[in-house]
Amino acid sequence: MNVAAILKLKGREVFTTTPDTALLNITKLLGLHGIGCIVVTSEDGKVVGIVSERDVVREIARAGSKVLKEPVETCMTKNVVSCRECDTIDRLMAEMTAHRFRHMPVIDRGRLVGLVSIGDVVRMRIAEAEMEAAAMREYIATG
Ligand code: AMP
């Protein structure tokens, strides 16, 4: 199974914002859409950062609620680790574990085409295990 299979199931919508968006608006977007991270893009659609709920919480803990007025570019992660549609789910799990994050934008020929979260990966893994178990039961019953 690969990233393309996950996107086929969950769709390709990605919530994005620009670097000048205030952190308060980031919290509103996270709450409104029920998501854990937002990809930050430049005006021409290039991925320039990623901000997760952890970044916002860390900044508030560090400097207090006044940081909510600051633009997201002050606390986003600029060195974004992305994946491609052809990458395997095993590869994603290894990357997410090694870097200790839960989200990976999918980039194809320089364009943002989706986002995979650890939840999507776990769901896909469970579906895979269930299919294997069903095939095994079928094999035992008819073999
Ligand atoms: P998360 O576990 O995804 O909520 O994010 C934990 C930390 O990793 C935060 O500082 C995020 O900005 C950062 N982060 C999340 N996803 C990525 C990614 N794909 N590439 C680089 N940093 C990331």
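Use the structure listed above.
Residues numbered from 1 in each chain as written. Predicted model: local features only at pLDDT ≥ 70, side-chain atom pairs only at ≥ 80, totals over all residues. Heavy atoms only, no water.

## Some words on the overall build of the protein chain
Per the secondary structure count, the protein chain includes five helices and five strands. Sequence-ordered secondary structure for the protein chain, helices as α and strands as β, is α-β-α-β-β-α-α-β-β-α. Overall, the C-alpha framework of the protein chain stretches about 65 × 35 × 30 Å when taken along its three principal axes. Per-residue burial for the protein chain yields a buried fraction of 36% across its 143 residues. Looking at the protein chain alone, contacts between residues at least 24 apart form 55% of all its contacts between residues at least 6 apart. Of the roughly 8900 Å² of accessible surface on the protein chain, a fraction of 55% belongs to carbon and sulfur atoms. When the 20 basic and 19 acidic side-chain charges of the protein chain are each reduced to a single mean position, those positions are 4 Å apart. (Helix = DSSP H or I, 4+ residues; strand = E, 2+ residues; numbered from the N terminus. Buried < 20%, exposed > 50% of the residue type's maximum accessible area, 1.4 Å probe, protein only. Contact = heavy atoms within 4.5 Å. Areas by Shrake-Rupley, 256 points an atom, 1.4 Å probe, with all protein chains shown as cover. Lys, Arg positive; Asp, Glu negative; His and termini not counted. Charge placed at Lys NZ, Arg CZ, Asp CG, Glu CD.)

## Here's the deal with the site of the ligand
Taken together, 13 residues surround the ligand, and among them Ser52, Asp55, Thr77, Arg102 and His103 come closest. Val81 is positioned with one of its backbone polar atoms (N or O) 2.8 Å from a nitrogen atom of the ligand. Contact between the ligand and His103: an oxygen atom at 2.6 Å from a side-chain N or O atom of the residue. If the ligand stood free it would expose 470 Å²; the protein chains cover 91% of that surface. (Near = heavy atom within 4 Å. Polar contact = N/O pair within 3.5 Å; in protein donor to acceptor, adjacent residues only side chain to side chain.)

## Section: the pairing of strand E4 (residues 103-108)
As defined by bridge partners, E4 adjoins strand E5 (residues 111-117) across six bridges and the pair is classed as antiparallel. Bridging across to E5, Val106 finds its partner in Gly114. Hairpin connection between E4 and E5: a loop of two residues separates the two successive antiparallel strands, and Arg109 in this loop has a positive phi of roughly 45°. (Pairing = 2+ DSSP bridges.)

## Observations regarding the state of the cysteines
For the coordinates displayed, the defined rule picks out zero disulfides. The cysteine Cys86 is free of any disulfide, with Cys83 supplying the nearest cysteine sulfur at 9.1 Å. (Disulfide = S-S within 2.5 Å.)

## Thoughts on helix H4 (residues 89-99)
For H4, the complete set of buried residues consists of Ile89, Leu92, Glu95 and Met96. Buried residues in H4, looked at end-on, bunch into an arc of 120°, giving them a common side. Turned more than 90 degrees from where H4 packs its buried face, Thr97 and Ala98 sit exposed. Buried residues in H4 make contact with helix H1 (3-10), E4, E5 and helix H5 (118-142). Following H4 by one or two positions, Arg100 has its phi on the positive side, about 60°. (Arc of directions from axis to C-beta.)

## Describing H1
Listed in full, the buried residues belonging to H1 are Val3, Ile6 and Leu7. All buried residues of H1 lie within an arc of 95° about the axis, which places them on one face of the element. More than 90 degrees from the buried face of H1, the exposed residues found are Lys8 and Leu9. Lining the buried residues of H1 we find H4, E4, E5 and H5. Immediately beyond the C-terminal end of H1, within one or two residues, lies Gly11, with a positive phi of roughly 95°.

Without other data, these values stay purely geometric and don't point to any function.
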